[in-house]
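Coordinates in review
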Amino acid sequence: SQTIHQWPATLVQPVGSPLSLECTVEGTSNPNLYWYRQAAGRGLQLLFYSVGIGQISSEVPQNLSASRPQDRQFILSSKKLLLSDSGFYLCAWSVRGIGNQPQHFGDGTRLSIL
Amino acid sequence: QKEVEQDPGPLSVPEGAIVSLNCTYSNSAFQYFMWYRQYSRKGPELLMYTYSSGNKEDGRFTAQVDKSSKYISLFIRDSQPSDSATYLCAMSAKAGTALIFGKGTTLSVSS
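Here's a quick rundown of the structure. For every chain, the first residue of the written sequence is number 1, and numbering continues from 1 onward in sequence order. By the order in which they are written, chains take letters starting at A while ligands take numbers starting at 1. For a predicted model such as this one, the threshold for reporting local features is a pLDDT of at least 70, and the threshold for listing and counting side-chain atom pairs is 80 or more; totals across whole chains, interfaces and linings nevertheless cover every residue. Side-chain calculation: all heavy atoms of the structure are included, whereas hydrogens and water are not.

For the rest of this paragraph, the subject is the interface of chain A and chain B. Contact definition: two residues touch when any of their heavy atoms are within 4.5 Å. Facing 19 residues of chain A, the contacting portion of chain B comprises 21 residues. The buried area of a pairing is the accessible area, by a 1.4 Å probe, that goes missing from both parts when the two are put together, added over both. Both sides of the chain A and chain B interface together cover about 1600 Å² of buried area, and 55% of this is carbon and sulfur. Salt bridge, as used here, is a side-chain nitrogen of Lys or Arg placed within 4 Å of a carboxyl oxygen of Asp or Glu. Applying the counting rule to chain A against chain B returns one salt bridge. A salt bridge links B:Lys42 to A:Asp107, with the nearest nitrogen and oxygen atoms 3.6 Å apart. Polar contact is the term for a pair of N or O atoms within 3.5 Å; when the atoms are in protein, one must be able to donate a hydrogen and the other to accept it, and sequence-neighboring residues count only if both atoms are side-chain atoms. Connecting chain A to chain B are three residue pairs in polar contact (both at pLDDT 80 or more). Mapped by element, the contributors of at least two residues to the side of chain A that touches chain B are strand S4 (32-39), strand S5 (43-52), strand S9 (87-94) and strand S10 (104-105) of chain A. Going along the chain from the N terminus, every DSSP run of H or I of four or more residues is numbered as a helix, and every run of E of two or more is numbered as a strand.

Next up, the structure:
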């Protein structure tokens, strides 16, 4: 069966520090990968998605970037965190294929910026 | 008008009640519909996935899609305290387009 791992679960960072969140998927090949941010009362906001290694699409211009160095690895980064980057970050995957396959989420990283 | 609207609740029901959760949407191109359950401090978990109109049943859960009214529902029969969570609807148009999520409805089932 397929599993998705995100780490760390919780992170507290000072303003201006760098960020690296990692997500890996097991049990499937060539998945579509996604990064979302979930803010209280604002729903899920798609940040980035990827259909293959090195292929990243950005949905929202901001202080963050994403990379996909391996087929099942997706990394969310920032060079300098802002207070507004606080939130719950979720990674998701879906099968690449016919139709619009449902997305499956990891358990997220709760990021607090001080 | 927002693309997907979902009443945030909270919705409080006694154990054993039938729960109805709903979303409305404005984009007539949506044809893939999903319901997710999210427990506190966890990621959303896929509950139901339907394509186009109609009903789908899985155990105590039934998903309904009415494309003519741009309205989807999730029914939970014999609700349990373990059903207490936030329920998110999500939908998308053709393959390769983004999922659009509702903001979620918080449900509390008391024993």
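Let us now look at the nonpolar core. One broad trend across soluble globular proteins is that nonpolar side chains are buried collectively. Residues grouped as a nonpolar core are buried Ala, Val, Leu, Ile, Met, Phe, Trp, Tyr and Cys residues, joined through side-chain atoms within 4.5 Å. The cut-offs for exposure are 20% and 50% of the maximum accessible area for each residue type, with area from a 1.4 Å probe on protein chains only; residues under the lower value are buried, those over the upper are exposed, and the others partly exposed. Residues B:Trp35, B:Ile72, B:Leu74, B:Tyr87 and B:Met91 are the most contacted members of the largest nonpolar core, which totals 25 residues. Ignoring anything within four residues of it in the chain, the contact list for B:Ile72 reads B:Leu21, B:Asn22, B:Cys23, B:Tyr25, B:Phe33, B:Trp35, B:Gln64, B:Val65, B:Cys89 and B:Met91. With 20 residues, the next largest nonpolar core counts A:Ile4, A:Leu21, A:Phe74 and A:Ile113 among its residues.

Before going further, it helps to examine the sheet that holds strand S1 (residues 3-7) of chain A. Two modes of strand pairing occur in sheets, parallel and antiparallel, and in both the strands are linked by backbone hydrogen bonds. Residue and element names in this part refer to chain A. Here a strand pair is declared whenever DSSP counts at least two bridges between the two strands. Strands sit in the order S1-S3-S8-S7 across an open sheet of four strands; the sheet is antiparallel. Each having just a single partner strand, S1 and strand S7 (65-70) make up the two edges of the open sheet. Between one strand axis and the next, the sheet turns by 20 degrees as a mean value, whatever way the strands run. As defined by bridge partners, S7 adjoins strand S8 (residues 73-78) across four bridges and the pair is classed as antiparallel. Within S8, the residue paired with Ser-67 across the bridge is Ile-75. An axis is simply a line fitted to the C-alpha atoms; with a helix, the fit covers only the stretch in contact. Between two such axes, the angle follows the N-to-C directions and lies from 0 to 180 degrees.

A separate point is the side chain of B:Ser73. All names here are of chain B. Its place among the elements puts Ser-73 in strand S8 (residues 71-76). At 3.0 Å, the side chain of Ser-73 forms a polar contact with the side chain of Asn-22. Not counting residues within four places of it along the chain, the set of residues in contact with Ser-73 comprises Leu-21, Asn-22, Trp-35, Thr-62, Ala-63 and Gln-64.

Right, let's talk about the pairing of strand S6 (residues 54-58) of chain B for a bit. Each regular strand carries side chains that alternate between the two faces of the sheet. In this sheet, strand S7 (residues 61-66) of chain B lies alongside S6(B) in antiparallel orientation, the contact comprising five bridges. Opposite B:Asn55, over in S7(B), you have B:Gln64 as the bridge partner.

Below, the discussion takes up the pairing of strand S3 (residues 19-25) of chain B. Residue and element names in this part refer to chain B. Of the two faces of S3, the one holding Val-19, Leu-21, Cys-23 and Tyr-25 is buried and the one holding Ser-20, Asn-22 and Thr-24 is not buried anywhere. In terms of strand pairing, strand S1 (residues 4-5) meets S3 through two bridges, oriented antiparallel. Directly across from Glu-5, in S3, lies its bridge partner Thr-24. One ladder, built from six bridges, connects S3 with S8; its direction is antiparallel. Paired with Thr-24 across the two strands is Tyr-71, which belongs to S8.

Another aspect to go through is the state of the cysteines. In protein chemistry, a disulfide is the covalent bond that joins the sulfur atoms of two cysteines. Residue and element names in this part refer to chain B. Two cysteine sulfur atoms form a disulfide, by the criterion used here, when they sit within 2.5 Å. The full count for this structure, using the stated rule, is two disulfides over all chains. The disulfide partner of Cys-23 is Cys-89, and the gap between their sulfur atoms is 2.0 Å. Handedness of the Cys-23-Cys-89 disulfide follows from its S-S torsion of about -100 degrees: it is left-handed. Here the residue Cys-23 occupies a position in strand S3, and Cys-89 occupies one in strand S9 (residues 85-92), the gap between them amounting to 66 residues. Summarising the burial analysis for this pair, Cys-23 and Cys-89 share the class buried.

Geometric values such as these leave the question of function open.
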